[in-house]
Amino acid sequence: MNDIRTQFRELRQGLTDRHIERYDEVEIALNALLSQYHVVLLGPPGTAKSMLATDLVHTFTGATLFKYLFGKFTTPEEVFGPLDVSKLQDGKYERIMTGKLAEAEIAFIDEFFKANTAIQNALLTAMNERQYDHGTQRIDIPLMSLFAASNELPEGEELWALYDRFHFRKIVSYIQEPSNFVKMLTAPQAVELPHIPIADLRRAQQAVLQVNVSDSVYDTLVAIRSDMQLEGIIVSDRRYRQTVRALQSSAWLFERDAVTDEDFSILQHMLWTNPIEAKPVSRIILNHTNPLELAAQEIIDMADEIASQLHAAMLDAKQKGIEAEQSLTRQGIEWFTRCRQLGEQVTDLEGKASKEGVEVNRIKQARDRVWFVASEIGQHAIGLDAMDLSMGK
């Protein structure tokens, strides 16, 4: 089993290297496969949603795959196979399913929410029960995980029912940090990824179920649920039950034999429905389980707020002239002072993480974000760069 964990560690690193600034998305995708859950990636075109999903589904050798791009005129025949004419003559309404969704172990569907009503009910059954109505029989299908991508949220009750079947949801944005953007532009076209036999994935899925879940884990879930209810965020009992396996898969992926507080971070992508709930959900989960990551995220949010103020002031200065430009300079000094204070907070977090012997990826993201915002202030408001003003990374 250690060899299989090594393969997944190498796969996680390879996907993270290949998909820059997509650490969370990679972790979600791997957890979904280990949990046998479904994932939807939401975001504008050109954010590599499809590329990540395609890389992942092709990693597992020997797996039966299904890939398709939905459009409003996509028919059931394209997804589930054409009718078997020879059986239709005998009064049997069955399909030839070879190479279609009902035979797939791993599936990727782009523009998922363009599914029309003729396809939706069959998708609901396939995703939820792992079954398909084949003629007069309801048959079991081997679907482990379905990965979907969409440029938009669903509209209409029927599509929201499909949306609810996705265990993990992630909003994908364009690359934020300039250094990562340059890295994306200059990176090799292909980072070699390991290939994992589908039999090893099945063994890993069984091993996930053996990860220990202590009483304290359930106590934490109760506390999270209580705080969510106080904020008016209601999550179904079914979804809370599903979180347990996600916690187990996270622990297994990071080579632990028992669920710890660190594993709760994955639930940030399970317990919200509307994107406006994502931040309060993250805050509640991290408050109970990972205060260092919560503090780092709060620093990122404050840096983002400073950046928004800077951009608004820059636009104002461009429109109103010299007086607004002078005001921008005065504000710039104040913003930069705040960034320097945020940088000191990041340094404190780094020290605490080192002392506790933990690696918190969000702390590095916080340092990168504060440095970038300080650089923007120096360039556009003060006339100096971050290094000149003692904001080195």
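Residues numbered from 1 in each chain as written. Predicted model: local features only at pLDDT ≥ 70, side-chain atom pairs only at ≥ 80, totals over all residues. Heavy atoms only, no water.

(A) Seen up close, the overall build of the protein. Each helix and strand in the protein was counted, giving 15 helices and nine strands. Over its C-alpha trace the protein gives a radius of gyration of 24 Å, about what one expects of a compact globule, namely 21 Å for 393 residues. Along the first, second and third principal axes, the C-alpha atoms of the protein reach 85 × 50 × 45 Å. Across the 393 residues in the protein, those meeting the buried criterion constitute 49%. Carbon and sulfur atoms provide 51% of the accessible area of the protein, an area that totals close to 19200 Å². Computing the positive centroid from 41 side-chain charges and the negative centroid from 57, the protein places the two 2 Å apart. (Helix = DSSP H or I, 4+ residues; strand = E, 2+ residues; numbered from the N terminus. Rg over C-alpha atoms; globule rule 2.2 N^0.38 Å. Buried < 20%, exposed > 50% of the residue type's maximum accessible area, 1.4 Å probe, protein only. Areas by Shrake-Rupley, 256 points an atom, 1.4 Å probe, with all protein chains shown as cover. Lys, Arg positive; Asp, Glu negative; His and termini not counted. Charge placed at Lys NZ, Arg CZ, Asp CG, Glu CD.)

(B) Local environment of the packing of aromatic side chains. Counted by the stated rule, this structure contains 11 aromatic pairs. Judged by centre distance (5.1 Å) and plane angle (80°), the rings of phenylalanine 112 and phenylalanine 166 are edge-to-face. In this pair, phenylalanine 112 is assigned in the loop between β4 (106-110) and α6 (117-128) and phenylalanine 166 in the loop between α7 (157-163) and β8 (168-171), connecting sequence segments 54 residues apart. In this pair, the class of phenylalanine 112 matches that of phenylalanine 166, namely buried. Taken together, the ring pairs connect Phe70, Phe112, Phe113, Trp160, Tyr163 and Phe166 into an aromatic cluster. Over the face of the ring belonging to tyrosine 163 we find arginine 169, whose NZ or CZ atom lies 4.4 Å from the ring centre. (Phe/Tyr/Trp six-rings, centres within 6.5 Å; stacked < 30°, edge-to-face > 60°. Lys NZ or Arg CZ within 6 Å of the ring centre and 35° of its normal.)

(C) Main features of the sheet that holds strand β1 (residues 39-42). Here five strands make up an open sheet; going across it, the order is β3-β4-β7-β1-β8 and the pairing parallel. The open sheet has two edge strands with one neighbour each: β3 (65-69) and β8. Taken over all neighbouring pairs, the strand axes of this sheet differ in orientation by 10° on average, direction set aside. As paired strands, β3 and β4 are joined by five bridges and run parallel to one another. Within β4, the residue paired with tyrosine 68 across the bridge is isoleucine 109. (Pairing = 2+ DSSP bridges. Axes fitted to C-alpha atoms, helices over the stretch in contact; angles between N-to-C directions.)

(D) Fine view of unusual backbone geometry. The phi torsion at glutamate 111 lies on the positive side, around 50°, for a residue other than glycine. Mapped onto the fold, glutamate 111 is located in the loop between β4 and α6. Using a relative accessible area of 12% as the deciding quantity, one classes glutamate 111 as buried. Located in the positive-phi region is glutamate 255, a residue other than glycine, with phi close to 65°. On the secondary structure map, glutamate 255 appears in the loop between α11 (237-253) and α12 (278-289). You can call glutamate 255 partly exposed: its relative accessible area is 34%.

(E) Broad picture of the pairing of β4. Of all five residues in β4, five are buried, a share of seventy percent or more. By the alternation rule, side chains of β4 split into Ile106, Phe108 and Asp110 and Ala107 and Ile109, which are all buried. Two strands pair when backbone bridges link them, and β4 and strand β7 (residues 145-150) are joined in this way by five bridges, in the parallel orientation. Opposite isoleucine 106, over in β7, you have serine 145 as the bridge partner.

(F) Region of interest: helix α10 (residues 215-230). In a regular helix each residue adds 1.5 Å, so 16 residues correspond to 22 Å; α10 covers 23 Å between its end C-alpha atoms and thus fits that length. Close packing links the buried residues of α10 with α11 and α12. Immediately beyond the C-terminal end of α10, within one or two residues, lies glycine 232, with a positive phi of roughly 80°. (Expected span 1.5 Å × (residues − 1). Contact = heavy atoms within 4.5 Å.)

(G) Region of the structure containing the pattern of salt bridges. Going through the model one piece at a time under the given rule, you end up with 24 salt bridges. Notably, a salt bridge pairs arginine 5 with aspartate 257, separated by 3.5 Å at the nearest N-O pair. A residue pair is termed long-range when its members are at least 10 positions apart, and arginine 5 in helix α1 (residues 2-18) and aspartate 257 in the loop between α11 and α12 qualify at 252 residues. Here aspartate 257 falls in the exposed class, since its relative accessible area comes to 60%. (Salt bridge = Lys/Arg side-chain N within 4 Å of Asp/Glu carboxyl O.)

(H) Layout of the environment of glutamine 268. Within the secondary structure layout, glutamine 268 lies in the loop between α11 and α12. Take glutamine 268: its relative accessible area is 6%, and that puts it in the buried class. Taking the C-alpha atoms as reference, glutamine 268 lies 30 Å from threonine 61; in sequence the two are 207 residues apart. Among the polar contacts made by the side chain of glutamine 268, one reaches the side chain of glutamate 293 at a distance of 3.4 Å. (Polar contact = N/O pair within 3.5 Å; in protein donor to acceptor, adjacent residues only side chain to side chain.)

(I) Geometry of the environment of leucine 162. With respect to the helices and strands, leucine 162 occurs in helix α7. Classification of leucine 162 as buried rests on a relative accessible area of 0%. Discounting residues that sit within four places of it in the chain, leucine 162 has contacts with Phe112, Gln120, Leu123, Leu124 and Met127.

(J) Inspection of the side chain of threonine 243 at higher detail. Inspection of the secondary structure puts threonine 243 in helix α11. The buried category is assigned to threonine 243, whose relative accessible area is 0%. Once residues within four sequence positions are removed from consideration, threonine 243 is found in contact with Leu221, Leu267, Met270 and Leu271.

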